[in-house]
Amino acid sequence: MSCVRVLLMFGLFALCGSRGAAALPEPKDLPSKPELPDPLVMLDGTKVTTKEQWNEKRRPELKQLFQHYMYGTLPAKSEVKATILHTDTKAFGGKATLTEVALSAIDKHSFRLLVVVPNERKGKVGCFVGPNFSANHTLVDDPKIVIPEGWMYPNYPGVKNNKASEEGRGKLKEVWNLEQSIDRGYAVATFYNGDIDPDRADVRGGIRSLLPPTLETTSIACWAWGVHRAVDYLLTLPSIDEKKLVAVGHSRLGKTAILAAAMDERLAIAIPHQAGCGGTAPSRGKVGESVKQINERFPHWFNANFKQFSNDTAKIPFDQHSLVALCAPRPVLFSNAKEDSWANPDGQFEVLQAADPVYRFLGVSGLEAKEVPPLGKLSAGKLGYFIREGKHSMSKVDWQAFLDFADHHFRRNREESIDG
Ligand code: GCU
């Protein structure tokens, strides 16, 4: 490569690196790309040819683009203060220690993290972490778990007039299946997403009203921030293996899980379950929920720029495969259900196929499956895929796939480090 070209390239990178959000084009001025844009090409057209370029230029650029054109800015990191609310060292018949802890990272705000850790363990354990829809008290039988006072989704057990009640206690154990993870040797940490930001377009609560008014953020970005603060806390626990944190979430909270992992390398694996449009399905996809529909129904999930793509998704300067690419070389599992066409399971497989070149570029394997695997059969490559019978839900069978996927990769990592 000529000296001039090298200098020119470095000049461009320097420009890209220092480019502020203000310098990014208006959505309408972006070039039209009907196909999924190549993740290995920078916004200015420069091809990424080295790992250094990927790590130092393209990854930061993609992080900026996703926030600027879609999810809004993730609130800033701030120190987490933890207050243990209660502990039960004999949960699940003595198999686990259950703790509920109030985490506060923003003045006048806290959210409650439920943490269950297996008692029988040889060393540190892996931990699943993610938000839930129905609040901690529904996921386990424990009279001490705090019942949230804020707004709750209707149609969950014990919820009346959007308020939780005692009646909901332990009624949704089969959604997170905490005991199953304990039996498999994993810890799990979860919080109610509404404790961070109630899922409402009209009324704000949680952290949103406490953030600087100039910060353009969204509910999904705030929930992902919540995952990051939960990770801050988990890393202070001697029982948790800092190299084995798995981001997990269902549907809109699966969108949150993949965003959280893309933005934070402390999360070793991402499991966005049935995340669909705005998460793991292609925004350019023609099946299931469209960008227009999601923007209209859930305006608070994405920012103002993203609304401008409602009728012209070809102008989005990335697609969801680039969010997966931001997780590379870490393992990512997309899991789905056959009848959940709203989440576009086949389109999600194509997203993994389109992310695969970045994994290969970084020198690791990617998507091992050549086609969508048979129902109920986990394809556990670095880019994993799972689809089962049935509908949109999170169930025991799904968790079995999550646990198998985590086992597969954590064991492999151990073998690699022993070999190496
Ligand atoms: C709606 C929405 C989806 C979302 C889902 C959920 O169906 O359209 O985008 O994933 O809710 O969060 O359950």
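Description of the structure in this document. Values in this document were obtained by computation on a predicted structure and should not be read as measured data. (Residues numbered from 1 in each chain as written. Predicted model: local features only at pLDDT ≥ 70, side-chain atom pairs only at ≥ 80, totals over all residues. Heavy atoms only, no water.)

As for the packing of aromatic side chains
Evaluation of the coordinates by the stated rule reveals 16 aromatic pairs. Aromatic side chains Phe306 and Phe309 sit 6.2 Å apart centroid to centroid with 70° between the ring planes, which places their arrangement in the edge-to-face category. There is no split in this pair, since Phe306 and Phe309 are both buried. Among the aromatic residues, those joined into a cluster by ring pairs are Phe66, Tyr69, Tyr71, Phe302, Phe306, Phe309 and Phe318. (Phe/Tyr/Trp six-rings, centres within 6.5 Å; stacked < 30°, edge-to-face > 60°. Buried < 20%, exposed > 50% of the residue type's maximum accessible area, 1.4 Å probe, protein only.)

Some points on helix 2 (residues 51-71)
Between the first and last C-alpha of helix 2 there are merely 26 Å, a value that for 21 residues lags more than 12% behind the 30 Å anticipated at 1.5 Å per step. Maximal helix bending in helix 2 amounts to about 35°, located at Arg58; proline Pro60 follows within four positions. Backbone geometry just downstream of helix 2 places Gly72 in the positive-phi region, at approximately 75°. (Helix = DSSP H or I, 4+ residues; strand = E, 2+ residues; numbered from the N terminus. Expected span 1.5 Å × (residues − 1). Bend = angle between axes of the 7 residues up to and from the residue.)

Structural notes on the sheet that holds strand 9 (residues 383-388)
Taken together, the nine strands give an open sheet; going across it, the order is 1-2-3-5-4-6-7-8-9, and neighbouring strands pair in mixed fashion. Each end of this open sheet is capped by a strand with a single partner; those strands are strand 1 (81-90) and strand 9. Across the sheet, the mean angle from the axis of one strand to that of its neighbour is 20°, orientation sign disregarded. (Pairing = 2+ DSSP bridges. Axes fitted to C-alpha atoms, helices over the stretch in contact; angles between N-to-C directions.)

Regarding the site of the ligand
The immediate surroundings of the ligand are formed by Phe133, Ser251, Arg252, Lys255, Glu289, Ile294, Arg297, Phe298, Trp301, Trp342 and His392. Within the contact set of the ligand, an oxygen atom lies 2.5 Å away from a side-chain nitrogen or oxygen of Arg252. The contact in question runs from an oxygen atom of the ligand to an N or O atom on the side chain of Lys255, over 2.9 Å. Notes on the ligand: free accessible area 320 Å², of which the protein chains cover 86%. Elements supplying a minimum of two residues to the shell around the ligand: helix 8 (252-263) and helix 9 (291-297). In the shell around the ligand, the residues fall into five nonpolar, two polar and four charged. (Near = heavy atom within 4 Å. Polar contact = N/O pair within 3.5 Å; in protein donor to acceptor, adjacent residues only side chain to side chain. Areas by Shrake-Rupley, 256 points an atom, 1.4 Å probe, with all protein chains shown as cover. Nonpolar A, V, L, I, M, F, W, Y, C, P; charged D, E, K, R; others polar.)

Some remarks on the pairing of strand 8 (residues 332-337)
By the criterion of burial, strand 8 is predominantly enclosed, with six of the six residues buried. Across the two faces of strand 8 the burial is the same, with Val332, Phe334 and Asn336 and Leu333, Ser335 and Ala337 all buried. Pairing geometry for strand 7 (residues 269-273) and strand 8, over two bridges, is parallel. The residue bridging Ala270 from the neighbouring strand is Val332, located in strand 8. Alignment of strand 8 against strand 9, held across six bridges, turns out to be parallel. The residue bridging Leu333 from the neighbouring strand is Gly384, located in strand 9. The parallel pair strand 8 and strand 9, bridged by helix 12 (residues 345-361), forms a crossover whose chirality is right-handed. (Right-handed = clockwise from strand over helix to strand, strands pointing away.)

Some thoughts on the nonpolar core
Among the nonpolar cores identified, the biggest contains 94 residues, and Phe66, Leu113, Val115, Leu234, Leu267, Val324 and Val332 are the most heavily contacted of them. Here this core takes eleven residues from helix 7 (residues 219-234), the largest share from any one element. Beyond its immediate sequence surroundings of up to four residues, Val332 is in contact with Ile258, Ala270, Pro272, Val324, Cys327, Tyr359, Lys382, Leu383, Gly384 and Phe405. Residues Leu139, Trp176, Ile269 and Ile271 belong to the second largest nonpolar core, which totals 31 residues. (Core = buried A, V, L, I, M, F, W, Y, C linked by side-chain atoms within 4.5 Å. Contact = heavy atoms within 4.5 Å.)

Quick look at the packing of helix 2 against helix 11 (residues 320-327)
For any two helices packed against each other, one specifies the crossing angle of their axes together with the interaxial distance. It is the contact of helix 2 with helix 11, at a shortest axis distance of 10 Å, that shows an interaxial angle of 135°. In this view, helix 2 runs oblique relative to helix 11, as classed from their interaxial angle. Handedness of the helix 2/helix 11 crossing: left-handed. In this structure, helix 2 contributes Trp54, Arg59, Leu62, Lys63, Phe66, Met70 and Tyr71 to the contact, and helix 11 contributes Gln320, Ser322, Leu323, Ala325 and Leu326. When the residues that make up the contact of helix 2 with helix 11 are grouped by side-chain class, the tally is eight nonpolar, two polar and two charged. (Parallel < 35°, antiparallel > 145°, perpendicular 65-115°, else oblique. Left-handed = near helix turned anticlockwise from the far one by under 90°.)

Points about the state of the cysteines
On inspection of all chains with the given rule, the structure shows zero disulfides. The thiol of Cys277 is unpaired, and the distance to the nearest cysteine sulfur, on Cys327, comes to 18 Å. With no disulfide of its own, Cys327 lies closest to Cys127 among cysteine sulfurs, the gap being 18 Å. (Disulfide = S-S within 2.5 Å.)

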